[in-house]
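Descriptive structure summary
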Amino acid sequence: MTQRINLLTNGANAVKALSGVGKYLAESSIERSLQHLIYFRVSEMNGCGFCLDMHSKDAREEGETEQRLYMLAGWREATVYTDRERAAFAWAEAVTRITNSEVPDEVYNQVRAQFTEEEIVDLTIAVTTINSYNRLNIAFRTAAGSYTPGLFKVKAN
């Protein structure tokens, strides 16, 4: 597979703008570990190899276990996730799929029980942002497998 466009050289300004959202999220109350899991799960759903490589490595670098990463596609049956994480995964999947132009009330009620309204907004921004990155990397065929952990790490102030 040949890369079509290198985002870092031919889309640097666009990536810089999008990374501003990452800086905002780094300062949000959504746990960094949960953000990694959400990014990984949405990237699984979308089939984005580059983002799977990146977020698995960054999550492991920051202390996430291999077991929790391996089991993420089956999170509903796995016992290694908290209720807060489960609510976030359900929300991430519903927002990513947007079936019949809606996110079901059942999923909203689940996320509302675990997150404040501001956190739900931040969670939704995280989901839509990783969906954007997935689509960019898939469209431009960004090669997967050679990501160095921490390369794009965004730090809070």
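As the structure is a prediction and not an experimental result, all values here were calculated from the model. (Residues numbered from 1 in each chain as written. Predicted model: local features only at pLDDT ≥ 70, side-chain atom pairs only at ≥ 80, totals over all residues. Heavy atoms only, no water.)

**Focus: the packing of helix 4 (residues 49-61) against helix 8 (residues 117-139)**
Where helix 4 meets helix 8, the axes come as close as 8 Å, and the angle between the chain directions of the two elements is 130 degrees. Considered as vectors, helix 4 and helix 8 are oriented oblique to each other. In this structure, helix 4 uses Phe-50, Cys-51 and His-55 to contact helix 8, whose residues at the interface are Ile-130, Tyr-133, Asn-134 and Asn-137. (Axes fitted to C-alpha atoms, helices over the stretch in contact; angles between N-to-C directions. Helix = DSSP H or I, 4+ residues; strand = E, 2+ residues; numbered from the N terminus. Parallel < 35°, antiparallel > 145°, perpendicular 65-115°, else oblique. Contact = heavy atoms within 4.5 Å.)

**A few points about the layout of surface pockets**
Considering only enclosed or pocket space, the second largest pocket measures out at about 180 Å³ in volume. Taken together, 14 residues make up the lining of the second largest pocket; nearest its centre are Ala-90, Glu-93, Ala-94, Pro-104 and Val-107. Of all the secondary structure elements, the ones that give two or more residues to the lining of the second largest pocket are helix 6 (83-97) and helix 7 (105-112). The greatest single-element share of the lining of the second largest pocket, amounting to four residues, is contributed by helix 6. (1 Å grid on protein atoms, 1.4 Å probe; cavity = no way out; pocket = protein on both sides within 12 Å on 5 of 7 lines; lining within 4 Å. Points joined across faces, edges and corners; volume = space filled by probe spheres on them.)

**Some words on the nonpolar core**
Counting residues in each nonpolar core, the largest one holds 35 residues, and the members touching the most others are Ile-38 and Phe-115. Elements with a contribution of two residues or more to this core: helix 3 (32-46), helix 4, helix 6, helix 7 and helix 8. Discounting chain neighbours no more than four positions away, the residues touching Ile-38 are Ala-88, Phe-89, Ala-92, Leu-123 and Val-127. (Core = buried A, V, L, I, M, F, W, Y, C linked by side-chain atoms within 4.5 Å. Buried < 20%, exposed > 50% of the residue type's maximum accessible area, 1.4 Å probe, protein only.)

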